[in-house]
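# Close look at the chain arrangement
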Amino acid sequence: MGLTATEKILNSHLIRGEMVSGSQIAIQIDQTLTQDATGTMACLEFEAMGIPGVKTELSVSYVDHNLLQSDFRNADDHRFLQSFAARHGIHFSRPGNGICHQVHLERFAAPGKTLLGSDSHTPTAGGCGMLAIGAGGLDVAMAMAGQPFYLTVPQIVGIHLTGELGPWVSARDIILEILRQMTVKGGVGKVIEYFGPGVARLSVTDRATIANLGTELGATSTVFPSDGKTREFLCSQKREGVWQGLEADPDARYHETIDMDLSSLEPMIACPSSPDNVVPVRGVAGRPVSQVIIGSCANSSYRDISIAASALESRGIDPSVDLEINPGSGQVLENADMAGVLRKLIHAGARIQQCGCLGCIGMGQAPATGTISLRTFTRNFPGRSGTKDDQVYLCSPETAVASAIRGVITDPRDLGEAPEISLPEVYLINDNGIIPPRDDRSDVMIIRGPNIKPLPEFDPLPEDLEAKVLLKVGDNITTDHIMPAGSKILPLRSNVPAISEYAFSAIDPGFSSRARETDSAIIVGGENYGQGSSREHAALAPRYLGVRAKLVKSFARIHKANLINFGIVPITFIDPDDFDRIRQGDTVTIPGLRAAMLNGSETVEVDIKGGKTIQARMELSERDRLILASGSLLNWVKTQNRKNV
Ligand code: MIC
Ligand code: SF4
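Notes on the structure in this doc start here. Predicted, not measured: the structure shown is a model, and the values here were computed from it. (Residues numbered from 1 in each chain as written. Chains lettered and ligands numbered in written order. Predicted model: local features only at pLDDT ≥ 70, side-chain atom pairs only at ≥ 80, totals over all residues. Heavy atoms only, no water.)

Helices and strands together make up the secondary structure of the protein, namely 21 helices and 27 strands. Taking 26 Å as the expected radius of gyration for a compact globule of 645 residues, we find that the protein reaches 24 Å, a close match to that expectation. Viewed in the frame of its principal axes, the protein has a C-alpha envelope of about 70 × 55 × 55 Å. Expressed as a percentage of the 645 residues in the protein, the buried residues total 62%. Across the protein, every contact between residues at least 6 apart in sequence was considered, and the portion connecting residues at least 24 apart equals 77%. (Helix = DSSP H or I, 4+ residues; strand = E, 2+ residues; numbered from the N terminus. Rg over C-alpha atoms; globule rule 2.2 N^0.38 Å. Buried < 20%, exposed > 50% of the residue type's maximum accessible area, 1.4 Å probe, protein only. Contact = heavy atoms within 4.5 Å.)

The next subject is the sheet that holds strand S23 (residues 547-552). Read once around its circumference, the closed barrel built from seven strands follows the order S21-S22-S23-S24-S27-S26-S25, with strand pairing classed as mixed. Taken pair by pair, the neighbouring strands of this sheet meet at an average axis angle of 35°, ignoring direction. Where S23 lies against strand S24 (residues 569-573), four bridges are found, and the strand directions are parallel. For Val552, the partnering residue across the bridge sits in S24 and is Thr572. (Pairing = 2+ DSSP bridges. Axes fitted to C-alpha atoms, helices over the stretch in contact; angles between N-to-C directions.)

Turning to the nonpolar core, a few remarks are in order. Residues Ile27, Phe511, Tyr529, Leu551, Val569, Ile571 and Met618 are the most contacted members of the largest nonpolar core, which totals 102 residues. Sort the elements by how many residues they give to this core and helix H5 (residues 137-144) lands first, with six residues. Not counting the four nearest positions on each side in its chain, Ile571 is found in contact with Ala549, Lys550, Leu551, Val552, Phe555, Ile590, Val604, Ala616, Arg617 and Met618. Judged by nonpolar contacts, the second largest core, of 35 residues, contains Ala308, Ile325, Ala336 and Ala404. (Core = buried A, V, L, I, M, F, W, Y, C linked by side-chain atoms within 4.5 Å.)

On to the environment of Leu634, then. Secondary-structure assignment places Leu634 in helix H21 (residues 633-644). A relative accessible area of 11% means that Leu634 is categorised as buried. The spacing of Leu634 and Phe46 is 588 residues in sequence and 9.8 Å in space, taken between C-alpha atoms. Ignoring anything within four residues of it in the chain, the contact list for Leu634 reads Glu45, Ala48, Met49, Leu138 and Leu455.

With that settled, the discussion passes to the sheet that holds strand S16 (residues 322-325). Strand order in this open sheet of seven strands is S14-S13-S19-S18-S15-S16-S17, and the pairing throughout is mixed. Strand pairing shows two members of the sheet lacking a second neighbour, strand S14 (278-280) and strand S17 (351-352), which therefore form its edges. Here strand S13 (residues 268-270) runs beside S14; their pairing, made up of three bridges, is antiparallel. For Ile269, the partnering residue across the bridge sits in S14 and is Val279.

Before going further, it helps to spend a moment on the site of ligand 2. For ligand 2, the full set of nearby residues is His65, His101, Asp119, His121, Ser296, Cys297, Cys357, Cys360, Ile361, Thr378 and Arg384. Among the residues making up the shell around ligand 2, the classes are represented as four nonpolar, five polar and two charged. (Near = heavy atom within 4 Å. Nonpolar A, V, L, I, M, F, W, Y, C, P; charged D, E, K, R; others polar.)

Another point: the site of ligand 1. Near ligand 1 you find 14 residues, and of these Asp119, Ser120, Arg493, Ser534 and Arg535 are the closest. Side-chain polar atom of Asp119 to an oxygen atom of ligand 1: 2.7 Å apart, as the coordinates give it. Between an oxygen atom of ligand 1 and a side-chain N or O atom of Arg535, the distance comes to 2.6 Å. Against a free-state accessible area of 330 Å², the protein chains account for coverage of 97% of ligand 1. Within the shell around ligand 1, the residues separate by chemical class into two nonpolar, seven polar and five charged. (Polar contact = N/O pair within 3.5 Å; in protein donor to acceptor, adjacent residues only side chain to side chain. Areas by Shrake-Rupley, 256 points an atom, 1.4 Å probe, with all protein chains shown as cover.)

The subject of this paragraph is the packing of aromatic side chains. The description of two aromatic rings rests on the distance between their centres and on the angle between their planes. Under the criterion given, the structure shown has eight aromatic pairs. Arranged with centres 4.6 Å apart and planes meeting at 5°, the rings of Tyr194 and Phe224 form a pair that is stacked. Taken together, the residues span a long stretch of sequence, with Tyr194 in strand S10 (residues 190-195) and Phe224 in the loop between strand S11 (221-223) and helix H8 (228-236) at a distance of 30 residues. Per residue, the accessibility class of Tyr194 equals that of Phe224, and both read buried. With a centroid separation of 4.8 Å and an interplanar angle of 20°, the aromatic rings of Phe195 and Tyr254 are classed as stacked. Of the two residues, Phe195 is situated in strand S10 and Tyr254 in the loop between H8 and strand S12 (256-261); the sequence distance between them amounts to 59 residues. One aromatic cluster is present, built from ring pairs that chain together Phe46, Phe80 and Phe84. The side chain of Arg623 reaches across the aromatic face of Tyr150, ending 3.7 Å from its centre. (Phe/Tyr/Trp six-rings, centres within 6.5 Å; stacked < 30°, edge-to-face > 60°. Lys NZ or Arg CZ within 6 Å of the ring centre and 35° of its normal.)

Each pair of packed helices gets described by two things: the angle between the helix axes and the distance between those axes. One way to put it is that helix H18 (residues 557-565) packs onto helix H20 (residues 622-630) with a least axis distance of 8 Å and a crossing angle of 45°. By the criterion of interaxial angle, the relationship of H18 to H20 is oblique. Residues Leu563, Ile564 and Asn565 of H18 pack against Asp624, Ile627 and Leu628 of H20. Residue classes in the contact of H18 with H20 are distributed as four nonpolar, one polar and one charged. (Parallel < 35°, antiparallel > 145°, perpendicular 65-115°, else oblique.)

A few words on helix H17 (residues 537-544). Along an α-helix, residues three or four positions apart point the same way, because every turn accommodates 3.6 residues. Among the eight residues of H17, seven are classified as buried, and the element is accordingly described as predominantly covered. Listing the buried residues of H17 in full gives His537, Ala538, Ala539, Leu540, Ala541, Pro542 and Arg543. Where the residues of H17 are buried, they touch helix H2 (36-48), helix H13 (479-482), helix H15 (496-500), S23 and H18. A positive backbone phi angle near 100° is found at Gly546, which sits one or two residues after H17.

Both faces of strand S6 (residues 114-117) are covered, namely the face carrying Thr114 and Leu116 and the face carrying Leu115 and Gly117. Inspection of the sheet shows strand S3 (residues 31-35) paired to S6 by three bridges, in the parallel sense. Paired with Thr32 across the bridge in S6 is Leu116. In the sheet, S6 pairs with strand S7 (residues 131-134) via four bridges, with the strands oriented parallel. Of the residues in S7, the one forming a bridge with Thr114 is Leu131.

A few words on unusual backbone geometry. Trans peptide bonds make up the majority, and among non-glycine residues the majority have a negative phi. Going from Pro272 to Ser273, the amide bond is cis rather than trans, its omega being -5°. Within the secondary structure, Ser273 is located in the loop between S13 and S14. At Leu358, a residue that is not glycine, the phi angle is positive and equals roughly 45°. For Leu358, a relative accessible area of 5% translates into the label buried. Phi is positive for Asp389, close to 55°, though the residue is something other than glycine. For Asp389, the position within the fold is in the loop between strand S18 (372-375) and strand S19 (391-395).

Evaluated as defined, the whole model comprises 31 salt bridges. Measuring nitrogen to oxygen at the nearest pair gives 3.3 Å for the salt bridge that ties Arg351 to Glu324. Of the two residues, Arg351 is situated in strand S17 and Glu324 in strand S16; the sequence distance between them amounts to 27 residues. For Arg351, a relative accessible area of 41% corresponds to the partly exposed category. (Salt bridge = Lys/Arg side-chain N within 4 Å of Asp/Glu carboxyl O.)

What is shown is where atoms sit, not what they do.
Here's what the structure looks like:
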């Protein structure tokens, strides 16, 4: 039987396990990326393994999230990351050089290779024919140490593209339509692979936008074939040497296939406050807009800002709108400057920001009270923008700029003829923003600021668990609910005791103080618990506060892996109606949890004090069970190392 492109990459990187859907395999990781907000912790974790240098083909440390320096903390972290990179053989992308995914696509992505990144949008590089996966910092630190990455063999969904996009309709609208159909949990346990004649009409930049937002489906990754368009892109980056072809065999079998005729698509928009709350732009047109931002790892390429510049050229920005441009990388900015794109934007009155994540993670750019903000970003989870009760809509650069011109949400087709833009055949390449590691690194000193605190130690799983239900939440709880980001909390990422104070603060400000009064806690949740980011702090902080298990209807992939890595037992309801039988404040006991963990039992009994006993499921591999019994992945690695001495 023929293979899909994803299976080809998985097979060529398989180290352990069998390619049977649903079972656990280990794959070799060729490249890693970390970003500053997750990277300080990943560095501390790598350090705890005592390995002198990274063992991957390439590892890059980016500084793109924590760019605002309102005190010493972010600046200290930047210096720590730079010195750590120099010491351990890691490339360092300077603050301001751009968003990790955009820069990685431009300078390092390579077809047929694997990439593991401590950021959920790592699949962006799937636009270049890579298998790129987002993971928690500890999993990435393990990969940097040369260890394989463990994952469940995904189901492969084939999206068959035919036809051609109409004027003013772009890649963003394709993935918005897919989000509308599949929802934020439709991709869990799956890799989305694109094929068919429509693919050849999409540039690598378009494909990267689509692969990037596959993350919002909950997918493990998104993979595009590597073809002539991929070669063209790599030539434009003067990296044609890394090109190799990759495509699904004609008789490849997908678990499920979705047909999409590109010519039938229209401009789409995700309404507040979920990336899958998608409707045609026409359905919400006319609503007044106060802020429009073009940026983020989804839509901040040279193409995206050129479209905006050309549309603005003879039209200008409506006086009621603040239009901001966050270029994705130094390369985008420099080329836009050289081609006169920047001048058009400045002339129209747009605010040109530095290259980075910025408002996408609440590092500035918060919208005004009670107003609509239109963004080309990835996520519009409630309050993520930094403004309470925000109304953030997500759309294409075309819809964004049309709305900035008119002052109300506008279908870009209403502007008339679409501008023609041309992309450089070869970009102006300048790697001054990337510092490669030196050969001799023995004299490099790591610079550690006072905000960088050691990793907490965690105790092993007890024989029986008695715990209080400290919090009960509903469906689609995001990691932004569990461990919010934003300019106030992000600088605490390298300080677990300090950041733990903010766990669940967005939905339950009393959580951390209640946790401090409780020995052992459990959290109860609904479907798709922990969707969104890869931040392991959403597991680390609750664990630090005494959370030992989470009992939910279903988990998002990365969060479940992070829970295991930090010794929080992920348990699911067998009968979803049992969710209603358990209340916040109840005390529960799971007798013999440790024994059940170690003897491979798939079910446990949860006794609710004064109530029922319910049956629950533990879907865990043997390795997961050993990690959980040890109390954390690092504890387990240490016992393994001791055994090997
Ligand atoms: C995000 O978009 O939510 C982030 C910030 O990039 C996160 C990583 C983080 O929390 O540091 C992600 O997507 O993984
Ligand atoms: Fe940065 Fe936003 Fe992309 Fe996350 S989603 S990496 S915050 S630009």
